[in-house]
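Close look at the chain arrangement
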Amino acid sequence: MKRIISTLCFALLALTSFADEGMWLPSLISSRIDDMRAKGFQLTAEDIYSINQASLKDAVMLFDDGCTAELISRDGLLITNHHCGYDAIQRLSSVEHDYLTDGFWAMSREEELPNENLNVKFLKRMEDVTERLAAGETPEQIIEEACENGRYKASIEQMYYGNQQFLFVYEQFDDVRLVGTPPSSIGKFGGDTDNWAWPRHTGDFSMFRIYADKDNRPAAYSPDNVPYRSAAHFKISTKGIQEGDFTMIYGFPGSTQEYIISDAVDYIVHRSDPMKIRVRTKRLDLINAAQAKDPAMRIRYAAVNASIANAWKKWQGEALGLERLNTVQSKREYEEAFERWAADKPEYRDVVKELKKEYARIFDIYFTLELMSETIRTSQLTNVYLRSELGDELFPQVQALNRELFRTLYREYYDNCPEGYMVPLFAAKVERFGSPEAYAEHMFSLTNREDDVKEVEELNALLSDIKTTVGKLVEQLGTNSLRNLNSARLNELYTTYVKGLREWDAERAFYPDANLTLRVAYGKVGGYHYADAVYHKYYTTAEGILAKDNPEIYDYNIPQRLREIIAEKDYGRWGVEIDGRITVPVCFLADNHTTGGNSGSPVLNGRGELIGVNFDRTWLSTMSDIAFDPAFCRNIALDIRYVLFVIDRIGNASYLFDEMDFAE
Ligand code: ARG
Ligand code: GLU
């Protein structure tokens, strides 16, 4: 008995004492404001989010449907990460104008570069529509009304697995032009080696400007458009930061799964992550080798590679972190304690058991879908590349790479697909050709054909059989509109389970999982104990860049100008004294709860001024999508002072400072 009590207390404690865990809905931030103010925030809830007056939310936007960006001038100038602008920068680049390698700086507004297919969305308002829906209004009606005849975009998102429904109304701008980006050797400094790691020295930022029509309304690109004037933009603080200082992050976190039960965590750590990591390792080896041989291939595969590598590395940190924290076990104990409480409550009594049952039913189905996305459904295998599109120069290299990808990914799919779930045509063909490799060779040879690909019937037959199989699998899950490992039944059960948790564990600070809607996270600047005897300080400096500098390695080969400035400590007005020496601060750590989508988010001080731009998490904190450990979880931000230094001394674009506001 005593043991049970102590485990129970431990479980409760472990899940309630997370000071800075949480991603809060801005319209409900008044429930957190006392805590925020106690930790150093000096503004009000209305300053963060208001529909009656200008508030900080008017300066924050969803960038390219997957990142965050913020306004830093009265003339529509925004800052986000380099890796968030990466697709756009790649599309604007060629071997002649290689902005990925050389960077780009518009020296006047006329020189800014328009982008097709790039938009930003500002949240106009959000509303809890749970009651309206319960009263009989349909989601379609609510959305239609909110769009005001096409002026806005709107969607309804579930919170707490449908215990609450929120309407989000956005204004979307499509004329977004590139203003400046440092070269990759600054913006992606350290590449995938340094990605998800600390100490970090990546100058991960790029800048764009939003244009609107003469009435300040969204408009398609036109040379007549004018810079967008928002009700708010961030003031920039160059005063520096100290360990313990309050920080707040305002942005669009994409997806977390904080309330899933132990079985799901077990699946992620022991089945899903390992498979995805193994397959991507092979894919990356092939792509990296092809890129290393040819600069045109390096550019063509830059964004693809970065996105494959990013999740690949994140899963490794995640699996490691969850193992270290023993999350499967602590979740199990938490569930058992819940079940004891629920034993005499018919509404909740069986919910954990039912969840486990449903997981057991869908694990293979879900695993198959994940495996397919990682193998036979990757775009390298489903798109056919024509010589006429790629040109004589690229075609042979792309084909050589694709051939290897076909062989490798067909094999992975064949070996790992759970019994009874394989695409029937695929299974039959492997049988006929004798091995997945032989079948891959055959299918690959079809992609070499010069005629219209639509004629390549065999390829299309396979694609269509893949589609049918996916359709059937999704049908078995009951829906395809759910994020992550889920099913229609699971979602229903979680509605009940999370409702029950909130009744039972009343002290715990519940927040809805991230779902790419606007959130506030807050915490403080600070380092952490990385390992026995190893403490990671909260900031890095310019000298650390020089220490990593290596002209032999693409990702570490800094511009000569930067090399000289740091070697001579020629920092001019950007030099500050830290711990007794003059330097330029580069990145810093804080314990805000963030995830993918928070890239580019403003990092604000207690006065709501911009002190940094969020761009990553540390190695052992990637698990915070599932379990947040305050001892380890740190977000990584770019210090705004390094941004200003790069704009001025590398970009020679200090004219941009004229439109910014600096805090006194
Ligand atoms: N890890 C960061 C994020 O999740 C930065 C990614 C940049 N991409 C890269 N492959 N280095 O997006
Ligand atoms: N780099 C991530 C992004 O693109 C943010 C880092 C994270 O996942 O915390 O959103």
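Keep in mind the model is a prediction, meaning the values are calculated, not measured. Along each chain, the written sequence defines residue order, and numbers are assigned to residues from 1. Following the order in which they are written, the chains are lettered starting with A and the ligands numbered starting with 1. Per-residue local features of the predicted model are confined to residues with pLDDT of at least 70, and side-chain atom pairs are confined, for both listing and counting, to 80 or more; whole-chain, interface and lining totals are unaffected and use all residues. The basis for every side-chain value is the complete set of non-hydrogen atoms in the structure, without hydrogens or water.

Overview of the site of ligand 1
For this purpose, a residue is taken to be near a molecule or strand whenever a single non-hydrogen atom of the residue falls within 4 Å of it. Around ligand 1, the surrounding shell consists of H83, D192, N195, W196, A306, N310, S599, F615 and D616. Polar contact is defined as a pair of N or O atoms within 3.5 Å, subject to the rule that within protein one atom must be able to donate a hydrogen and the other to accept it, and that residues adjacent in sequence are counted only when both atoms are side-chain atoms. H83 is positioned with one of its side-chain polar atoms (N or O) 3.0 Å from an oxygen atom of ligand 1. Separating a nitrogen atom of ligand 1 from a backbone N or O atom of A306 is a distance of 3.0 Å. Each accessible area is a Shrake-Rupley result for a 1.4 Å probe, and residues are judged covered by the shown protein chains and nothing else. In the complex, the protein chains occlude 90% of the 340 Å² of accessible area that ligand 1 would expose alone. Elements with a contribution of two residues or more to the shell around ligand 1: α12 (302–325) and β21 (610–617). Labels follow the DSSP assignment, with helices taken as runs of H or I lasting at least four residues and strands as runs of E lasting at least two, numbered in each case from the N terminus.

Overview of the packing of helix α4 (residues 82–92) against α12
For any two helices packed against each other, one specifies the crossing angle of their axes together with the interaxial distance. At a minimum axis separation of 9 Å, α4 and α12 run at an interaxial angle of 160°. Compared by their axis directions, α4 and α12 come out roughly antiparallel. Here α4 and α12 pass one another in a crossing that is left-handed. Here α4 contributes Y86, D87 and Q90 to the contact with α12, which in turn contributes A302, A303 and A306. Lines fitted to the C-alpha atoms define the axes, with helices restricted to the stretch that makes contact. Angles between their N-to-C directions range from 0 to 180 degrees. An angle below 35 degrees is read as roughly parallel, one above 145 as roughly antiparallel, one from 65 to 115 as roughly perpendicular, and any other as oblique. Should the near helix be turned counterclockwise from the far one by less than a right angle, the crossing is left-handed, whereas a clockwise turn marks it as right-handed. Pairs of residues are marked as contacts when any of their non-hydrogen atoms sit within 4.5 Å.

Side note on the pairing of strand β2 (residues 67–71)
Here the term buried applies to any residue with accessible area under 20% of the maximum for its type, exposed to any over 50%, and partly exposed to those in between, with areas from a 1.4 Å probe on protein chains only. With 5 of 5 residues buried, β2 lies mostly within the body of the structure. Neither face of β2 is exposed, since C67, A69 and L71 on one face and T68 and E70 on the opposite face are all buried. By the convention used here, strands pair only if DSSP detects at least 2 bridges between them. Inspection of the sheet shows strand β1 (residues 60–63) paired to β2 by 4 bridges, in the antiparallel sense. Considered in β2, the bridge of L62 is made with T68. What sits between the antiparallel neighbours β1 and β2 is a turn of 3 residues, in which D64 has the positive phi angle 55°.

Considerations on the pairing of strand β8 (residues 164–173)
Among the 10 residues that make up β8, 10 are buried, leaving the element largely enclosed by the rest of the structure. Here strand β6 (residues 120–128) pairs with β8 via 8 bridges, running antiparallel. Looking at β8, one finds that K121 is bridged to Q172. Between strand β7 (residues 153–159) and β8, which pair antiparallel and follow one another directly, the connecting turn spans 4 residues, one of which, Y160, has a positive phi of 50°.

With respect to the state of the cysteines
As used in these notes, a disulfide is a covalent bond between sulfur atoms, one from each of two cysteines. Cysteine sulfurs are considered disulfide-paired once they come within 2.5 Å of each other. Using the criterion set out here, one finds 1 disulfide in the structure. There is no disulfide at C633, and the cysteine sulfur nearest it, in C587, is 18 Å away.

Describing the sheet that holds strand β19 (residues 585–590)
Strand order in the open sheet formed by 7 strands is β13-β12-β20-β21-β22-β19-β16, and the pairing between neighbours is antiparallel. Of all strands in the sheet, those bounded by a partner on one side alone are β13 (519–524) and β16 (539–541). Mean inter-strand twist for the sheet, computed between neighbouring axes without regard to direction, equals 30°. Lying on the sheet, helix α23 (residues 640–650) is in contact with β19, β21 and β22 (635–639); it crosses β22 at an angle near 40°.

Here's the deal with empty space enclosed by the protein
Using only the protein atoms, space was sampled on a 1 Å grid; points where a 1.4 Å probe fits but cannot get out form cavities, open sets with protein on both sides within 12 Å along at least five of seven lines form pockets, and lining residues are those with an atom within 4 Å of a point. Grid points are joined across faces, edges and corners, and a volume is the space filled by probe spheres set on the points. Within the structure shown, the criterion is met by 3 cavities of 30 Å³ or more. Taken together, 11 residues make up the lining of the largest cavity; nearest its centre are I260, K331, Y334, Y497 and R508. Element by element, the count of residues in the lining of the largest cavity is highest for helix α13 (residues 327–342), at 3 residues. In this count, Pro and Cys sit with the nonpolar residues alongside Ala, Val, Leu, Ile, Met, Phe, Trp and Tyr, while Asp, Glu, Lys and Arg are called charged and the others, Gly among them, polar. Tallied by class, residues from the lining of the largest cavity come to 7 nonpolar, no polar and 4 charged.

Concerning the pattern of salt bridges
The salt bridge definition used is simple: a Lys or Arg side-chain nitrogen within 4 Å of an Asp or Glu carboxyl oxygen. Under the defined criterion, the tally for this structure stands at 56 salt bridges. Across the pair E347 and K499 runs a salt bridge whose closest N-O atoms are separated by 2.9 Å. Taken together, the positions of E347 in the loop between α13 and α14 (351–374) and K499 in helix α20 (residues 488–504) put the pair 152 residues apart, joining distant regions of the chain. E347 sits in the partly exposed class, given a relative accessible area of 47%. What you see here is one network of salt bridges that share partners, running through D20, R32, D35, K39, K524 and D591.

Regarding the side chain of N402
Among the secondary structure elements, N402 is positioned in helix α16 (residues 387–416). Since its relative accessible area comes to 2%, N402 is described here as buried. Once residues lying within four places of it in the same chain are set aside, the contact partners of N402 are Y301, Q380, Y385 and F444.

Let's talk about the confidence of the model for the chain
Averaged over the chain, the pLDDT score is 94; the fraction of residues at 70 or greater is 96%. What pLDDT expresses is the predictor's confidence in each residue, scored from 0 to 100. Across residues 1–18 the pLDDT falls below 50, and counting only partners more than four positions away or on other chains, this stretch makes 16 contacts in the model.

Considerations on the nonpolar core
Throughout, nonpolar core names a set of buried Ala, Val, Leu, Ile, Met, Phe, Trp, Tyr and Cys residues whose side chains join them through atoms within 4.5 Å. Ranked by internal contacts, the top residues of the largest apolar core, which has 204 residues, are M207 and M248. Of the residues forming this core, the biggest block, 12 residues, is contributed by α14. Dropping the residues within four chain positions of it, M248 is found in contact with M36, F41, I48, L56, V520, A521, Y522, N592, P602, V603 and L604. The next biggest cluster of nonpolar side chains, apart from the first, holds 9 residues, and it includes V129, C147, Y152 and I156.

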